Amino acid sequence: MGCNIIKEKVSAVRRLFIKDEDIKDGIVRIYGDDAHHIKDVLRLRIGTDLVVSNGVKQYNASILSIESTSVLLKIVDELHQVVESSINVTLFQGLPKSDKMDLIVQKCTEIGIKKIVPVETEFSIIKVKEKSIGNKINRWNKISQEASKQSGRLIVPEVLEPISFNIAVNYINEFDLCVMPYERETNVRLKDVLKENNGAKNICIFIGPEGGFSPSEVDTATKNGAVIVTLGPRILRTETAGIVAGSIILYELGDLG
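Residues numbered from 1 in each chain as written. Predicted model: local features only at pLDDT ≥ 70, side-chain atom pairs only at ≥ 80, totals over all residues. Heavy atoms only, no water.

Q: How should the packing of helix α2 (residues 100-111) against helix α3 (residues 133-151) be read in this particular structure?
A: Helix packing geometry: the angle between the two helix axes and the distance between the axes. The N-to-C vectors of α2 and α3 enclose an angle of 35 degrees; their axes lie 8 Å apart at closest approach. Where α2 crosses over α3, the handedness of that crossing is right-handed. In this structure, α2 uses Met101, Asp102, Val105, Gln106, Thr109 and Glu110 to contact α3, whose residues at the interface are Arg139, Trp140, Ile143, Ser144, Ala147, Ser148, Gln150 and Ser151. Looking at the contact of α2 with α3, its residues break down into five nonpolar, six polar and three charged. (Axes fitted to C-alpha atoms, helices over the stretch in contact; angles between N-to-C directions. Helix = DSSP H or I, 4+ residues; strand = E, 2+ residues; numbered from the N terminus. Left-handed = near helix turned anticlockwise from the far one by under 90°. Contact = heavy atoms within 4.5 Å. Nonpolar A, V, L, I, M, F, W, Y, C, P; charged D, E, K, R; others polar.)

As structure tokens, then:
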């Protein structure tokens, strides 16, 4: 007995991020890498639909013309879909080894985190003064942009230049709530802290690198106003902890789930 399988070709509408100065009289001019990608990689044709965002609004647009160094889009209408959470989450991420930061940036962008700050801690292997750190920052911001396109974000979360832990803790008092997951904490659960602070809109998370935070760093963070929490009975890798903590926050207080 046979069965017929019907296959449908589904093509997602591609997204681009633009600046206000790129728009004039309802026409958007795309330059550089995005223009090259449209013309030479994707080989899109005139009339193809796209979505463009300037970080405040997003629009349906279609390709009007393809030129030698640019692509012109015509704005069709404005999209009124709410895609950004009202909860602003900033991740202070202890610098991890290898390419783990790539995954952290990609997934935290997808779930809705607004800003990522790499932090050099006592146990960080990568140091802020390394010559290659500038190239890493550029790569992380490109990853953030691509993840924002894929996940339909209105904005591109910025990955800032790395700072030291002692500088990072000075920013804690700028947030409504700051949480620091720590493997030695077993009683104070993140979701309980969020229930007690359900009016918080501006939240930061401190995540340690491999090896976590030192006891002195935990003490310093606590003195500066951070709440030390547990994410559960299992110890998570550094590349997992920020994604989990961000997801819990955006589920409990934001728009996930």
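Q: Explain the sheet that holds strand β6 (residues 71-79) here, please?
A: Strands belonging to one sheet form pairs held by backbone hydrogen bonds; the direction of such a pair is parallel or antiparallel. The strand order β1-β4-β5-β6-β3-β2 describes an open sheet built from six strands, whose pairing is mixed. Each edge of the open sheet carries a strand with a single partner, namely β1 (14-17) and β2 (23-24). Where strand β3 (residues 27-30) meets β6, four bridges bridge the pair, whose relative direction is antiparallel. Within the sheet, the bridge partner assigned to Val28 lies in β6 and is Leu73. (Pairing = 2+ DSSP bridges.)

Q: Explain the environment of Leu253 to me, please; I cannot follow it from the model alone.
A: Mapping Leu253 onto the fold places it in the segment after α7 (238-252). The exposure class of Leu253 is buried, given its relative accessible area of 17%. Expressed as a C-alpha distance, the spacing of Leu253 and Lys149, which sit 104 residues apart in the sequence, is 24 Å. Among residues more than four places away in sequence, those in contact with Leu253 are Ile87, Leu194, Asn197, Asn198, Ala200 and Ile203. (Buried < 20%, exposed > 50% of the residue type's maximum accessible area, 1.4 Å probe, protein only.)

Q: Is there a simple way to think about the pairing of strand β5 (residues 58-66) in this case?
A: Side-chain positions along a regular strand alternate between the two faces of the sheet. The pairing of strand β4 (residues 49-53) with β5 spans five bridges and is classified as antiparallel. When the bridges of β5 are listed, Ser53 appears paired with Gln58. The antiparallel hairpin formed by β4 and β5 contains four residues in its connecting segment, where Gly55 sits at a positive phi of about 90 degrees. Alignment of β5 against β6, held across eight bridges, turns out to be antiparallel. Among the inter-strand pairings, Ala61 is bridged to a residue of β6, identified as Ile75. In this structure, the hairpin formed by β5 and β6 is closed by a connection of four residues.

Q: Would you mind showing me how to read the pairing of strand β7 (residues 88-94) here?
A: A large share of β7 lies buried, amounting to six of its seven residues. Where β7 and strand β12 (residues 202-207) come together, six bridges link them in parallel fashion. Within β12, the position partnered with Leu91 by the bridge is Ile205. Note: β7 against strand β8 (residues 115-120), five bridges, orientation parallel. Looking at β8, one finds that Phe92 is bridged to Val117. Running through α2, the crossover from β7 to the neighbouring parallel element β8 is right-handed. (Right-handed = clockwise from strand over helix to strand, strands pointing away.)

Q: How do you make sense of the pattern of salt bridges when you look at a structure like this?
A: Side chains carrying opposite charge are able to pair once their charged atoms draw close together. Evaluation of the coordinates by the stated rule reveals nine salt bridges. As a salt-bridge pair, Arg153 and Glu84 come within 2.7 Å of each other at their nearest N and O atoms. Here the residue Arg153 occupies a position in the loop between α3 and β9 (158-159), and Glu84 occupies one in the loop between β6 and β7, the gap between them amounting to 69 residues. Looking at Arg153, the relative accessible area reads 3%, which means it is buried. A salt bridge links Arg139 to Asp102, with the nearest nitrogen and oxygen atoms 3.2 Å apart. (Salt bridge = Lys/Arg side-chain N within 4 Å of Asp/Glu carboxyl O.)

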